[in-house]
Amino acid sequence: NTTLSRKQEDYDRKALAQALRNWSVGRQQEMLQVLARDDRRMLWVAGELDTDYSAKAREAKERIPPLELRIVEKAGHRVPWENTDRFLDELATFLTSIG
């Protein structure tokens, strides 16, 4: 059972707060139209417990044919930390399939 860990001393709290303010999804350009013009395979991983992000991922899947969607059980917004093994399995499977 793999677990990714994060320690508070691993990051600067002020820099993290600034990054969250600057890179918030609410401040970002709508990317579905941009991604829909790309014909490369893509992987989108969302946690089943993050219903808003999972809904956005499902919408993207409908609009972007090469997109491969994986909804990970027992995970919210922080999939790699909340269900590490499943995330790593999905990522490895995707990378193997495009390699």
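Above this text is the structure in question.
Per-chain numbering applies: the sequence of each chain, read as written, is numbered from 1 onward. Reporting in this predicted model follows two pLDDT cut-offs: at least 70 for local features of residues, and 80 or more for side-chain atom pairs to be given and counted; totals over whole chains, interfaces and linings ignore these cut-offs and use all residues. Side-chain measures here rest on the full set of heavy atoms in the structure, leaving out hydrogens and waters.

A. Quick look at the pattern of salt bridges. We define a salt bridge as a contact between a side-chain nitrogen of Lys or Arg and a carboxyl oxygen of Asp or Glu at a distance within 4 Å. By the definition in use, this model includes 8 salt bridges. Note that Arg-63 and Glu-59 form a salt bridge whose closest N and O atoms lie 3.2 Å from each other. Of this pair, Arg-63 and Glu-59 are both found in helix α3 (residues 51–63), 4 residues apart, which corresponds to roughly one turn of the helix. Owing to a relative accessible area of 38%, Arg-63 belongs among the partly exposed residues under this scheme. Close ionic contact of Glu-90 with Arg-86 constitutes a salt bridge, the shortest N to O distance being 2.7 Å. For helices the rule is a DSSP run of H or I covering at least 4 residues; for strands it is a run of E covering at least 2, with both sets numbered from the N terminus onward. Each residue is placed in one exposure class: buried if its accessible area under a 1.4 Å probe, protein chains only, is under 20% of its type's maximum, exposed if it is over 50%, and partly exposed if it falls in between.

B. Structural view of α3. Residue count minus one, scaled by 1.5 Å, sets the expected span of a helix. Look at α3: 18 Å from first C-alpha to last across 13 residues, which is about the 18 Å you get at 1.5 Å a residue. When we look at burial in α3, the residues that qualify are Ser-54, Ala-57 and Ala-60. Buried residues of α3, seen end-on, are gathered within an arc of 115° and therefore sit on one face of the element. Exposed residues pointing more than 90 degrees away from the buried face of α3 are listed as Thr-51, Asp-52 and Glu-62. Contact between two residues is taken to exist if any of their heavy atoms lie within 4.5 Å; hydrogens are not considered. On its buried side, α3 packs onto α2 (32–36), β1 (42–47) and β2 (67–72). The directions considered for the arc are those from the helix axis to the C-beta atoms.

C. Examining the pairing of β2 more closely. Bridge count between β1 and β2: 6 bridges; the pairing is parallel. Residue pairing across strands places Trp-44 opposite Leu-69, the latter belonging to β2. Only strands joined by at least two bridges in the DSSP assignment are considered to pair.

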